[in-house]
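Report on the structure
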Amino acid sequence: MRRDLVIIGGGPAGLAAAVAAYGAGARDILVLERDVELGGILNQCVHNGFGLHAFKEELTGPEYAARYVEMARERGIECRCGTTVLDVSSERTVTCLSPERGLETVEAGAVVLAMGCRERPRGALNIPGYRPAGVFSAGTAQRLVNREGLMPGRRVVVLGSGDIGLIMARRMALEGAEVLCVAELMPYSGGLKRNIVQCLDDFGIPLLLSHTATRVLGRERVEGVEIAQVDGHGAPIPGTERVYECDTLLLSCGLLPENELSRQAGVGLSSVTGGPVVDERLMTDVPGVFACGNVLHVHDLVDHVSEEAAHAGRAAAAYVAGGEGETGRRVAIEAGSHVRYTVPSSVDPARLDGPLTVRFRVTEPLRDVALVVSADGRELVRRKRRVVAPGEMEQAVLGPAVLADVTGPVTVSVEGGDRG
Amino acid sequence: MVPRAPIERECDVLVIGAGVVGCAIARELTRRDLAVHVVEAEEDVCCGASKANSGIVHAGFDARPGTLMARLNVQGAALMPGLCAELDVPYRNNGSLVLCFDDEGRAGLERLLAQGLRNGVRDLSIVGGDEARAIEPTVSPEVRWALWAPTAGIVDPFLLTVALAENAAENGAEFSFNERVAAAEPARGGWLVTTSAGSWRAGAVVNAAGLDSARLFNATVGDAAPRLSITPRRGSYYLLDKTAAPVPSVTLFQLPTDKGKGVLVAPTCHGNTLVGPTAVDVEDPLATETTAAELADVAEKAVRSVPDLPLRSVITSFAGLRAHEAGHEFVIRESAPGFFNAAGIESPGLTSAPAIGVMVADAVSRALCATQRGDFQGERLGVPRFADLPGEEQASLVAERPSYGHVVCRCELVTQGEIEDACRRPVPPRTLDGVKRRLRAGMGRCQGGFCTPFVMQVLERELGLAPSEVHKSGARSWIVDGPTKTGADDPVAKGGER
């Protein structure tokens, strides 16, 4: 089978890419989703707060997903659920598996990678102790509670203050569990400020900054978690250990872009984001293979995922139509001071037909700073910001005119400011 | 739990313990005209030392010449490839190197070489550092000499145990789980064994109870006879992701020095890398916890062998307890007439298990005057491993069984059909860990984060369980505490026993 555009993943990124590709003229589109329904992780995010940017209203996760599912349906875009992609080759041959259709291969004109991310498991965190039942990644617990209606436990400690951990602290409290604390290794939270307020402060759940789990107690089921304060290098300080008696430990210690398929396709990955290295079209270094959403880099807000994915979808449609050739120009976009990474990491200024959004994260919380984009020894953009934090993605929008005659690398940096 | 009336059952041979040793003995016994029953205190096979194991098939140069350990190691290593082929168990002959980091160590390697030659190990040789690095490129530039043992191998210790148990069951052995042996006493015609579920009358008893074996041995041996002393010796490991690089494909040991025994770095049959174990004697036979100090020790020692070992790619760490006998020798003998023991089976216990099975089954058969059966069927075929099948076979399998088209574990590519099939086998999994050890669902880099809810659903359907009755490993290892919206004290929420 041959299809113009194959999109791997029917979550918010994949659906937004499909809808935008359709808008850009692509018609022969196939979305492959491994779950039994479309919507991805949004289906278990029953809390509200989605869509404030994209739809100017406050939606729950399933409601936000439903908007895009409906848009795809209206356009007659073919979406196959219950279908797991097993392999993608560098020639864009997609091998997939489903109970109904068995093993299939699809030759794709272009591929959009939209597989999302996964949670960092306990093993990777290396917490000593027993390995009992009751240690869940926050997202697994969220699925059990919100989709399956099952309680993972009654007395809960949360390790890591990522957004899912914060949301799940509140969810468990709302379900009648006792949430003893949220412990965070860093001196600041990795989650959105609004989630700290709405999920912890409003429920009287203490946030222990610069703390980590040093031991899991309980041989068969969790019976307690030992929490200790850490020093400036993240090492536990002897004598500060305290055991919290609980039956459940939820982990929210980071999300990892899920790039097993990208690797099979030979896509080059960034060691900082864990996602593909892309140009301004969000095309990877494998021609015709694009990436967007959390598989590219982990986002805080689905609204930004949709926006980014729409960009990838349009670019993939253009690639299939054969409109854009290589112009041979490529300007690197680099992370400067206090910036961890940028997406994209290169741009061809000759190919830009609209403003370029560069997304990035800062390395540490800072106050009263300027976001500065510069190239060839001059400033292209300077914007003042009162507060920036690693937990909140930043972006800089560069008009095509600004980049038109840039030759050297474009650097995104954060200047001035106090540690916040 | 409502107390059940104790039931009295009978068999010819009662095997206590369903680890790799108990299962190997049980399978060998089913070659004879004997009714074999295996009682296991835990809820599945492979729950003790057999599960937290390096999976190494040792060549046989470690044990002192003339010991039972030396003889059974070499015999077991020779039997292993054929046994694994017969039972459809992953085995790979990858060879091993014992590394030494200075010229003084060479004498130690010579001693191991001489020991190996006396034990009957084939093809051993001492090689220089460069040759060691030619054999295994990840070996540290600091390595001066190494002992090369090309006959060493690796095996999947979980599947070996499961396959031995399944094949024993296919040949008529019966298993009962969650049944702990309380006591054994001589009775007319053999032994009366009382357990947590009742009692057994058996012509002969085989004690393969691992850490618990000394208790049964000492209770049956005469008062004047020497006691057996078994200490739980803890070994902690790191497991690295399949994508970790650079990692060795040859098993790398370190030459023991006065500073310690060293740790191994070895591939597993499934492409992961195992690093460990420590050796720390503990008192509590349940103390399978890892400690920060032990894990740090593992890491520090391992990078001596492989300096670029990617310890960032750790996907889990775990600890197991081996049954260390004070004299570091296998204790395989009758402690009283008809009461046979396979005790103190620590490394190279997994390697030796096939030979221990033969040795013990022969002794028991002689004692009971048992005869060989004509209808023993030694071949066993495992659950189809979807991920490893060629494309056409995958396609036809899904056409025939659509549930093989539903991927449940994405890290290890395990399908729903495999879990269903495992549940319908002679010795089915009962827990998440039981599924993990048989099929690898939950053993990959996300460590069950993705597949747990799906595996639970299959177990619920196949075993007729409520969600709160699905366990991870052990009777108190509930995963969910009933439905939401019911409250902690609502009896509806309490589906299972706590």
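Everything numeric in this text was worked out from a predicted model, so none of it was measured.

Brief notes about the overall build of chain B
- Check the secondary structure of chain B and you find 12 helices and 22 strands.
- For chain B, the residues scored as buried account for 56% of the 498 residues in total.
- Counting contacts in chain B only where the partners sit at least 6 residues apart, residues at least 24 apart contribute 71% of the total.

Thoughts on the overall build of chain A
- A tally of regular secondary structure across chain A gives 9 helices and 28 strands.
- The C-alpha radius of gyration of chain A comes to 22 Å, within 12% of the 22 Å expected for a compact globule of 420 residues.
- The buried share among the 420 residues of chain A stands at 53%.
- Here the contacts in chain A between residues at least 6 apart in sequence split such that 65% fall between residues at least 24 apart.

Side note on the UniProt feature "domain: FAD/NAD(P)-binding" (unreviewed entry) in chain A
- Mapped onto this numbering, the UniProt entry gives "domain: FAD/NAD(P)-binding" (unreviewed entry) at residues 4-309 of chain A.
- Helix makes up 24% of residues 4-309 of chain A and strand 29%, whereas the separation of the span's terminal C-alpha atoms amounts to 17 Å.

A look at the UniProt feature "domain: FAD dependent oxidoreductase" (unreviewed entry) in chain B
- Summarizing the sequence annotation, UniProt attributes the feature "domain: FAD dependent oxidoreductase" (unreviewed entry) to residues 12-362 of chain B in the numbering used throughout.
- Along residues 12-362 of chain B one finds 29% helix and 30% strand; the C-alpha atoms at either end are 14 Å apart.

What about the domain arrangement of chain B?
Residues and elements named next belong to chain B.
- Here the domain parsing of chain B yields domain 1 (1-89 + 156-229 + 326-382), domain 2 (96-150 + 230-321) and domain 3 (387-493).
- With centres defined by C-alpha atoms, the gap from domain 1 to domain 3 works out at 29 Å.
- Across the boundary between the two partners, domain 1 contributes 14 residues, which contact 10 residues of domain 3.
- It is helix α5 (residues 157-170) that provides the largest number of residues to the side of domain 1 that touches domain 3, a total of 7 residues.
- Residue composition of the side of domain 1 that touches domain 3, by class: 8 nonpolar, 1 polar and 5 charged.

Here we look at the domain arrangement of chain A
All names here are of chain A.
- Looking at the assigned domains, one finds that chain A contains domain 1 (1-118 + 255-325), domain 2 (121-253) and domain 3 (329-420).
- Relative to domain 3, the C-alpha centre of domain 2 lies at a distance of 34 Å.
- Counting residues at the interface gives 5 residues for domain 2 and 5 residues for domain 3.
- For the side of domain 2 that touches domain 3, the residue count by class is 2 nonpolar, 3 polar and no charged.

Side note on helix α5 (residues 163-174) of chain A
All names here are of chain A.
- A rise of 1.5 Å per residue sets the reference length of α5, with its 12 residues, at 16 Å; its end C-alpha atoms lie 17 Å apart and thus fit the reference within 8%.
- Most of α5 sits inside the fold, with 9 of its 12 residues counted as buried.
- For α5, the full list of buried residues reads Asp163, Ile164, Gly165, Leu166, Ile167, Met168, Ala169, Arg171 and Met172.
- Looking at the buried residues of α5, the elements they touch are α4 (138-146), β11 (155-159), β12 (178-184), α6 (193-200) and β17 (248-251).

Remarks on the sheet that holds strand β13 (residues 207-209) of chain A
Residues and elements named next belong to chain A.
- Taking strand neighbours across the sheet as the criterion, the 5 strands line up as β10-β17-β11-β12-β13 in an open arrangement whose pairing is parallel. Each edge of the sheet is formed by a strand with only one pairing partner; in this case those strands are β10 (135-137) and β13. Averaged over all adjacent pairs, the angle separating strand axes in this sheet is 20°, with direction ignored.
- Two elements, β10 and β17, share 3 bridges in a ladder whose sense is parallel. Counted as the bridge partner of Ser137 is Leu251 from β17.

A word on unusual backbone geometry
- Looking along the chain, the bond that leaves Ala245(B) and enters Pro246(B) is cis, with omega of 0°.
- Tracing the backbone through its elements, the reader meets Pro246(B) in the loop between β13 (230-240) and β14 (251-254).
- The backbone of Leu282(A) shows a phi angle near 65°, a positive value even though the residue is not glycine.
- Its place among the elements puts Leu282(A) in the loop between α7 (260-264) and β19 (289-291).
- Even without being glycine, Asp123(B) reaches a positive phi, approximately 65°.

Side note on the sheet that holds strand β3 (residues 56-57) of chain B
Residue and element names in this part refer to chain B.
- Ordered in space as β3-β8-β4, the 3 strands form an open sheet in which the pairing is antiparallel. A strand with exactly one partner marks an edge of an open sheet, and here the two such strands are β3 and β4 (91-92).
- With 2 bridges joining them, β4 and strand β8 (residues 153-155) adopt antiparallel strand pairing. Directly across from Arg92, in β8, lies its bridge partner Ile154.

Structural notes on the nonpolar core
All names here are of chain A.
- With 164 residues, the main nonpolar core has Leu5, Ala17, Val112, Phe290 and Ala316 as its most contacted residues.
- If one sorts the elements of this core by residue count, helix α8 (residues 302-321) sits on top with 10 residues.
- Beyond its immediate stretch of four places on either side in the chain, Ala316 contacts Leu5, Ala17, Ala21, Ala110, Val112 and Phe290.

As for the interface of chain B and chain A
- On the chain A side, the residues contacting the 44 residues of chain B number 40 residues.
- Every element with two or more residues in the side of chain B that touches chain A is listed here: α7 (292-305), β18 (314-325), α9 (391-400) and α12 (452-463) of chain B.
- In terms of residue class, the side of chain B that touches chain A is made up of 20 nonpolar, 20 polar and 4 charged.

With respect to the pairing of strand β25 (residues 378-388) of chain A
Residue and element names in this part refer to chain A.
- Counted residue by residue, β25 has 1 buried out of 11 residues, so it is predominantly exposed.
- Pairing analysis gives 9 bridges linking strand β24 (residues 366-375) to β25, with the strands arranged antiparallel. Among the inter-strand pairings, Val373 is bridged to a residue of β25, identified as Val381.
- Count of turn residues in the β24/β25 antiparallel hairpin: 2 residues, of which Asp376 carries a positive phi of about 50°.

So, the pairing of strand β20 (residues 339-343) of chain B
Residue and element names in this part refer to chain B.
- Extensive coverage of β20 is indicated by the burial of 5 of its 5 residues.
- Residue alternation in β20 divides its side chains into two sets, Phe339, Asn341 and Ala343 and Phe340 and Ala342, and both sets are buried.
- As paired strands, strand β12 (residues 198-207) and β20 are joined by 3 bridges and run parallel to one another. Looking across to β20, one finds that Asn207 is bridged to Asn341.
- Bridge analysis of strand β19 (residues 331-336) against β20 gives 5 bridges, and the strand direction is antiparallel. Bridge pairing in β20 places Ala336 opposite Phe339.
- The turn linking β19 back onto β20 is made up of 2 residues, and Gly338 within it adopts a positive phi angle of 85°.

Brief notes about the packing of α5(A) against α6(A)
Residue and element names in this part refer to chain A.
- For the pair α5 and α6, interaxial distance at closest approach is 8 Å and the crossing angle is 15°. As summarised for this structure, α5 and α6 are arranged roughly parallel, according to the angle between their axes. Two packed elements cross with a definite hand, and for α5 against α6 that hand is left-handed. Residue-level contacts link Asp163, Leu166, Ile167, Ala169 and Arg170 of α5 to Asn195, Ile196, Cys199 and Leu200 of α6.

A look at the environment of Ala77(B)
All names here are of chain B.
- Along the chain, the position of Ala77 falls in helix α2 (residues 68-87).
- The class of Ala77 is buried, set by 26 C-beta atoms lying within 10 Å.
- Aside from chain neighbours lying at most four places away, what touches Ala77 is Val57, His58, Ala59, Gly60, Thr151 and Thr351.

Regarding α8(A)
Residues and elements named next belong to chain A.
- The terminal C-alpha atoms of α8 lie 28 Å apart, and with 20 residues this matches the ideal 28 Å at 1.5 Å per residue to within 8%.
- Burial of α8 is extensive: 15 of the 20 residues sit out of reach of the surface.
- Trailing α8 by a residue or two, Gly322 shows a phi angle of about 75°, which is positive.

Observations regarding the environment of Ser249(B)
- By the secondary structure assignment, Ser249(B) is in the loop between β13 and β14.
- Ser249(B) has contacts with Asn94(B), Glu136(B) and Pro267(B), leaving out every residue within four places of it along the chain.

About the cut-offs
- Residues numbered from 1 in each chain as written.
- Chains lettered and ligands numbered in written order.
- Predicted model: local features only at pLDDT ≥ 70, side-chain atom pairs only at ≥ 80, totals over all residues.
- Helix = DSSP H or I, 4+ residues; strand = E, 2+ residues; numbered from the N terminus.
- Buried ≥ 20, exposed ≤ 12 C-beta atoms within 10 Å, placed from the backbone.
- Contact = placed C-beta atoms within 7 Å.
- Rg over C-alpha atoms; globule rule 2.2 N^0.38 Å.
- UniProt positions renumbered as here; feature names shortened; annotations may be inferred.
- Domains from an automatic or database assignment.
- Nonpolar A, V, L, I, M, F, W, Y, C, P; charged D, E, K, R; others polar.
- Expected span 1.5 Å × (residues − 1).
- Pairing = 2+ DSSP bridges.
- Axes fitted to C-alpha atoms, helices over the stretch in contact; angles between N-to-C directions.
- Core = buried A, V, L, I, M, F, W, Y, C linked by C-beta atoms within 7 Å.
- Parallel < 35°, antiparallel > 145°, perpendicular 65-115°, else oblique.
- Left-handed = near helix turned anticlockwise from the far one by under 90°.

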